[in-house]
Amino acid sequence: MSKKVTEITSELVTPILDELNLELVEVEFKKEGPNWFLRIFIDSDTGVDLEDCGVVSEKLSEKLDELDPIQQAYFLEVSSPGAERPLKKEKDITKAIGKNVYVTTYEPVDEEKTFEGKLINFNGENLEIEVKIKTRKKVYTIPYAKVANARLAIIF
């Protein structure tokens, strides 16, 4: 099998999601303990509910049974990415402007590698994050190429 399980699953689930006006956030295939899990994270501008997850799970399960691309036994899980959803693509980051984010970088930017604050701008090349440090605010400009991970953040 030349294609990875995640790639095959993405190709199979995308038309199902398009039909339902849902968006694919991420596909994971990983072993936890003795079991394998195929996890599909979906979302939409209005959020997703249990019914959406059930419909996608059912339709995807039929496709996977038809093609049988996965050798080992696994559990299929379809869910929302949750409140701290990962920001994987440029369009995810663009949608997050004005929201709180948590970003880590591959190498230091202004001697920092972790940033948590409000995403105030993203122009495709740089993210601008306003971070509150005690009583003052500082804006960091982070090159997109240096971003290791980014997700929405809940700041208390």
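If you're wondering where the values come from, they're calculated on a predicted model, not measured in any experiment.

J.: Looking at this model, I keep getting lost on the sheet that holds strand β2 (residues 35–43). Mind explaining?
T.: Sheet strands pair by backbone hydrogen bonding; their relative direction is either parallel or antiparallel. Spatially, three strands are ordered β1-β2-β3 in an open sheet, and the strand pairing comes out mixed. Lying at the two open borders of the sheet, with one neighbouring strand each, are β1 (23–32) and β3 (75–79). The mean angle between the axes of side-by-side strands here comes to 15°, regardless of whether they run parallel or antiparallel. Each of β1 and β2 touches helix α1 (residues 5–19); the most contacted strand, β1, lies at about 145° to it. Those strands touched by helix α2 (residues 50–67) are β2 and β3, and its axis lies near 145° from that of β3.

J.: Just checking my understanding: could you explain the side chain of serine 44 for this structure?
T.: With respect to the element layout, serine 44 can be found in the loop between β2 and α2. When its relative accessible area of 14% is taken as the criterion, serine 44 is described as buried. In terms of polar contacts, serine 44 uses its side chain to reach the backbone carbonyl oxygen of glycine 47, at 2.8 Å. Residue contacts for serine 44: discarding those within four places in its chain leaves Asn21 and Leu22.

J.: Help me understand the pairing of strand β6 (residues 126–133), please; the structure alone is not making it clear to me.
T.: For a regular strand, the rule is simple: side chains alternate between the two faces of the sheet. In the sheet, strand β5 (residues 112–122) pairs with β6 via four bridges, with the strands oriented antiparallel. Each residue of the ladder has a partner; that of leucine 119, found in β6, is isoleucine 129. Hairpin connection of β5 to β6: three residues between the antiparallel strands, including glycine 124 at a positive phi of 95°. Sheet analysis places β6 next to strand β7 (residues 136–143), joined by eight bridges and oriented antiparallel. In the sheet register, glutamate 130 faces β7, and the bridge partner there is valine 139. Between β6 and β7, which pair antiparallel one after the other, the connecting turn spans two residues, and lysine 134 there sits at a positive phi close to 55°.

J.: Where do I start with unusual backbone geometry in this structure?
T.: Note: most peptide bonds trans; most residues except glycine with negative phi. With a phi angle near 55°, asparagine 21 is a residue other than glycine that sits in the positive phi range. Its place among the elements puts asparagine 21 in the loop between α1 and β1. In this structure, aspartate 68 is a non-glycine residue whose phi angle is positive, near 50°. Note that aspartate 68 resides in the loop between α2 and β3.

How each quantity is defined
Along each chain, residue indices are assigned from 1 in the same order as the chain's sequence is written. Only residues with pLDDT of 70 or above have their local features reported here, since the model is predicted, and side-chain atom pairs are shown and tallied only from 80 upward, although totals for entire chains, interfaces and linings are computed over all residues. Only hydrogens and water are set aside; all other atoms, that is, all heavy atoms of the structure, feed into the side-chain values. At least two bridges found by DSSP between two strands are what make those strands a pair. Labels follow the DSSP assignment, with helices taken as runs of H or I lasting at least four residues and strands as runs of E lasting at least two, numbered in each case from the N terminus. For helices, the axis comes from a line fit to the C-alpha atoms of the stretch in contact; other axes are also lines fit to C-alpha atoms, and the angle between any two N-to-C directions lies between 0 and 180 degrees. Contact between two residues is taken to exist if any of their heavy atoms lie within 4.5 Å; hydrogens are not considered. Buried residues are those whose accessible area, probed at 1.4 Å on protein chains only, stays under 20% of the maximum for their type, while exposed residues exceed 50% and partly exposed ones sit between those limits. Polar contact is the term for a pair of N or O atoms within 3.5 Å; when the atoms are in protein, one must be able to donate a hydrogen and the other to accept it, and sequence-neighboring residues count only if both atoms are side-chain atoms.

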